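# A look at the structure
Spelled out from the first residue to the last, the chains are:
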Amino acid sequence: MHCPFCAGTETKVVDSRFTNEGDQIRRRRECLQCKERFTTYETAELTFPRMVKSDTSREAFSEQKLRQGLLRALEKRPVSMACVEQSISHIKHRLQAVGEREVSTKMVGEWVMDALRKIDHVAYVRFASVYRRFQDVSAFEQEIQQLRQVCEQQDEK
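Residues numbered from 1 in each chain as written. Predicted model: local features only at pLDDT ≥ 70, side-chain atom pairs only at ≥ 80, totals over all residues. Heavy atoms only, no water.

## Some thoughts on the side chain of Thr-40
Applicable threshold: For the purposes of this entry, the term helix denotes a DSSP run of H or I that reaches at least four residues, the term strand denotes a run of E that reaches at least two, and both are numbered from the N terminus. We define a polar contact as two N or O atoms separated by no more than 3.5 Å, with the added condition that, inside protein, one atom must be a possible hydrogen donor and the other a possible acceptor, whereas residues neighbouring each other in sequence contribute only through side-chain atom pairs. Throughout, a residue-residue contact means that at least one pair of heavy atoms, one from each residue, lies within 4.5 Å.
Within the fold, Thr-40 resides in strand β3 (residues 37–43). Within the structure, Thr-40 has its side chain in polar contact with the side chain of Arg-29 (distance 3.1 Å). Residues contacting Thr-40, with those up to four places away along its chain left out, are Met-1, Ile-25, Arg-26, Arg-27 and Arg-29.

## Structural notes on the sheet that holds strand β2 (residues 24–31)
Put simply, the test is: A pair of strands is labelled paired if DSSP reports no fewer than 2 bridges between them. Note on geometry: axes are C-alpha line fits, over the in-contact stretch for helices, and angles between N-to-C directions span 0 to 180 degrees.
Strand order in the open sheet formed by 3 strands is β1-β2-β3, with antiparallel pairing between adjacent strands. Each edge of the open sheet carries a strand with a single partner, namely β1 (11–19) and β3. For this sheet, the mean inter-axis angle between neighbouring strands, taken without regard to orientation, is 25°. Note that β1 and β2 share 8 bridges and pair antiparallel. Bridged to Lys-12 within β2 is Glu-30.

## Remarks on the pairing of β3
Alignment of β2 against β3, held across 7 bridges, turns out to be antiparallel. Paired with Arg-28 across the two strands is Thr-39, which belongs to β3.

## Thoughts on the pattern of salt bridges
Stated precisely, the cut-off is as follows: The rule for a salt bridge is simple: a side-chain nitrogen of Lys or Arg has to be within 4 Å of a carboxyl oxygen of Asp or Glu. In this scheme, a residue with accessible area under 20% of its type's maximum is buried, one over 50% is exposed, and one in between is partly exposed, where area comes from a 1.4 Å probe on protein chains only.
Within the structure shown, the criterion is met by 13 salt bridges. With a shortest N-O distance of 3.0 Å, Glu-63 and Arg-67 are connected by a salt bridge. Here Arg-67 and Glu-63 lie together in helix α1 (residues 63–73), a separation of 4 residues that amounts to about one turn. By relative accessible area, which is 27% here, Glu-63 ends up partly exposed. On the basis of relative accessible area, Arg-67 is assigned to the buried category, the value being 17%. Connected via shared salt-bridge partners are Glu-63, Arg-67, Glu-85 and Lys-92.

## Quick notes on the confidence of the model for the chain
Note the cut-off: Summary of the metric used: pLDDT quantifies the predictor's per-residue confidence within the range 0 to 100.
Here the chain averages 89 in pLDDT, while 97% of its residues score no lower than 70. Mean pLDDT values over the elements of the chain span from 78, in helix α5 (residues 137–156), up to 96, in strand β5 (residues 58–59).

## Description of unusual backbone geometry
A positive phi angle, close to 70°, is found at Lys-35, a residue other than glycine. Of note, Lys-35 is situated in the loop between β2 and β3. One non-glycine residue, Lys-76, adopts positive backbone phi at about 60°. Its place among the elements puts Lys-76 in the loop between α1 and α2 (81–98). The exposed category is assigned to Lys-76, whose relative accessible area is 78%.

So this is what it looks like as structure tokens:
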């Protein structure tokens, strides 16, 4: 690790702590040459599978697209950003746990719908209407009825 002050190569770690739910380490370092202290952050570099779209084209996974889709569905809904970030983190973990080089965007879309169903029912129906390309009011009614059935089954447990 090079010192940002004198470019020295000899540093020692003074303190280490986990940050961001344990997926990042914050280290306080001290340069042995100029005695200045500085902070570094370490994260594991994890690769995500490529996304296979419905037209069979492929693209890199985009956390930004995932976040935008969730936020668009949750617009003007009483849901905290912490809850949104937790959902994103959960979906990313599922994506890595699949263990495949390529994953269909359809699968990720279903995971987003699962997350939204647990967070906010209105946002879930909004997302489902775009994701499943509802053509008329009956499609909305059918989805809402299915949502009611799932909620009733969960209430019984």
